[in-house]
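Structural overview
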There are 2 protein chains.
Amino acid sequence: MNESRIQQLREYLNQNGMKQTKQRDLIASTFFKTKKHVRIEELLQEVRKSEPNIGYVTVYRTLLLLKECGLAHQRHFGEGQSLFENAGEHHDHMICIKCGAITEFEDDRIEDLQEKVCESFNFKMVSHRHEIYGACSRCQKE
Amino acid sequence: MNESRIQQLREYLNQNGMKQTKQRDLIASTFFKTKKHVRIEELLQEVRKSEPNIGYVTVYRTLLLLKECGLAHQRHFGEGQSLFENAGEHHDHMICIKCGAITEFEDDRIEDLQEKVCESFNFKMVSHRHEIYGACSRCQKE
DNA sequence: ATAAACCTGAAAATGACTTTCAATATCGAT
DNA sequence: ATCGATATTGAAAGTCATTTTCAGGTTTAT
C-alpha cells in the first residue's frame, strides 16, 4: 500500500510538470515507512542512512510536496519544530507535556457537535485541530 | 474592572520582588483596553502613541509577565506571530482563513466529551486547544 | 543523444522571538 | 528626601527553525 502512495506522488509530479528523482523516491518511501509523526531532522537522519549526501533542504522540500499532494499533514504542537504526519483518516491528538508522547483519538460525537457549532455561526469549516495537553498515564505514575 | 487587573498585577510583582514601573503600567493597561487578541507588534505600536521610546523587548517581557500571573494567554493560531489574549472565561476559537477574523465559541457538551475521552485513555488533561479553520459568514458571501 | 526545464545541496537570508549588557529606575531603609 | 542594593530598560546581538538563492547536476521529451 506504500506503493500506491508512491504512485499517487508520481501522478502528482507528472500532472504538475515536476520530475521524479531518486531523492524524492527515497525520502517519500522512507516517510511512508516511519512512525506516524516525524520531524524534518529525524527524517533527514533516516534517509541519510541510505544516502548520506542528501541535504536538509531536499527533505524539507519533499515534505512540503507531500503536503501539497495530500499525503502528509504538517502539525505544530506546542513550540519549536513542526511534525509531519502520514495522511490517513482524521484523528485528533493528546500530547503529553512531560514525555512528548502523542496519542490519537477520535470521537464522532465531538465531530458532530463541532459541525453544529459551525452551523450556528454560519461558519464553513475547512479544517480543525483539537489537541489535549496533559500527562499520559505512564507519566502520571512517576 | 481594569483597575482590579492592574491590582492583581501589582500584587504579583510585590510577591515576587519585582518592581512597578511606568512602562509595565502603561503596557498592561493598554493591553487590558485592546481587543481580545493582540500581537506583540500591535501592542507596541499602541503603547508608543503615549511613550514613543518603549522598546519591543519591554512589551514582549511584560506580556510574558501577564501570562505568568494568569492575566493573559498566548495563542499560536496557524503560523507566524503569536497572539496574546486577555484572560477571561475559557473559549475555543473559529479562525477565518480568508480575513483572519477570530470568533470564540464554547460548548459544554464538547467539553464533557473531551473529559470522557481523557478518562478512557487515563490521560490527565492540563489544557487543550480546539480551533476550527474555515470561512466566516462574511467571507462566504464574497 | 540533446536541450530545455527541473532538482539539488550549500550557503545566505528571514522572521519571530530570546538573551545579553551597560545604563537607568525603583523601593525599603535611613 | 537620600542611599544603595537590586531590578528594569532598550539596543544590539544571538537563536532557532525554517525559507530562499544560486551555481551546478539530473530528467525527460524529442
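Residues numbered from 1 in each chain as written. Chains lettered and ligands numbered in written order. Predicted model: local features only at pLDDT ≥ 70, side-chain atom pairs only at ≥ 80, totals over all residues. Heavy atoms only, no water.

We now examine the protein's contact with DNA strand C. Lining the immediate environment of DNA strand C, one finds 22 residues, of which Met18(A), Lys19(A), Thr21(A), Thr58(A) and Arg61(A) sit closest. What you see for DNA strand C is that sugar and phosphate hold 70% of its atoms within 4 Å of the protein. Note that a phosphate oxygen of DNA strand C is positioned 2.8 Å from one of the side-chain N or O atoms of Arg24(A). Within the side chain of Tyr56(B), a nitrogen or oxygen atom sits 3.2 Å from a sugar or linking oxygen of DNA strand C. For the surface near DNA strand C, the elements supplying multiple residues, two or more each, are α2 (22-33) and α4 (56-68) of chain A together with α4 (56-68) of chain B. Per-element accounting of the surface near DNA strand C gives the leading share, four residues, to α4(B). Of the residues assigned to the surface near DNA strand C, the class counts are seven nonpolar, nine polar and six charged. (Near = heavy atom within 4 Å. Polar contact = N/O pair within 3.5 Å; in protein donor to acceptor, adjacent residues only side chain to side chain. Helix = DSSP H or I, 4+ residues; strand = E, 2+ residues; numbered from the N terminus. Nonpolar A, V, L, I, M, F, W, Y, C, P; charged D, E, K, R; others polar.)

By nearness alone, 22 residues border DNA strand D, and Tyr60(A), Lys19(B), Arg24(B), Thr58(B) and Arg61(B) come closest of all. Of what DNA strand D places within 4 Å of the protein, 72% of the atoms are sugar or phosphate. A distance of 3.2 Å is found between a sugar or linking oxygen of DNA strand D and a side-chain nitrogen or oxygen belonging to Tyr56(A). Between DNA strand D and Thr21(B) there is a distance of 2.7 Å, counted from a phosphate oxygen to a side-chain nitrogen or oxygen. Where the surface near DNA strand D is concerned, the elements lending two or more residues are α4 of chain A together with α2 (22-33) and α4 of chain B. Examining the composition of the surface near DNA strand D, we find that four residues originate from one element, α4(A), more than from any other.

Quick look at the relation of the copies chain B and chain A now. When chain B is fitted onto chain A, the two copies agree to an RMSD of 0.2 Å after a turn of 179 degrees and an axial shift of 0.0 Å. On the angle and the small slide along the axis, the relation comes out as a two-fold axis. The C-alpha atom lying nearest the rotation axis in chain B is that of His130(B); the distance is 2.1 Å. The overlap is high: 100% of the interface residues of chain B also sit at the interface in chain A, so the same surface is used on both sides. (Least-squares fit on C-alpha atoms with pLDDT ≥ 70 in both. Contact = heavy atoms within 4.5 Å.)

Every buried residue belonging to helix α3 (residues 40-48) of chain B is among Ile40(B), Leu43(B), Leu44(B) and Val47(B), and all of these are buried. What you see down the axis of α3(B) is that its buried residues fit within an arc of 105 degrees, all on one side. (Buried < 20%, exposed > 50% of the residue type's maximum accessible area, 1.4 Å probe, protein only. Arc of directions from axis to C-beta.)

With that out of the way, let us pick up the packing of aromatic side chains. All names here are of chain A. Applying the stated criterion across every chain yields a total of four aromatic pairs over all chains. Ring geometry for Phe31 and Phe32: centres 6.0 Å apart, planes at 55 degrees, overall tilted. The exposure classification of Phe31 matches that of Phe32, with both residues buried. Plain terms: the ring middles of Tyr56 and Tyr60 are 6.5 Å apart, the flat faces sit at 15 degrees to each other, and that makes the pair stacked. Of the two residues, Tyr56 and Tyr60 are both situated in helix α4; the distance of four residues between them amounts to about one turn of the helix. Classification of Tyr56 by relative accessible area gives partly exposed; the value is 38%. Owing to a relative accessible area of 34%, Tyr60 belongs among the partly exposed residues under this scheme. (Phe/Tyr/Trp six-rings, centres within 6.5 Å; stacked < 30°, edge-to-face > 60°.)

Here we take up the domain arrangement of chain A. Residues and elements named next belong to chain A. The domains assigned to chain A are domain 1 (2-86) and domain 2 (92-141). Between domain 1 and domain 2, the C-alpha centre-to-centre distance is 25 Å. On the domain 2 side, the residues contacting the eight residues of domain 1 number seven residues. Contact with domain 2 buries surface across domain 1, with His37, His76 and Phe77 losing the most and accounting together for 64% of the total. (Domains from an automatic or database assignment. Buried area = accessible area lost by both parts, 1.4 Å probe.)

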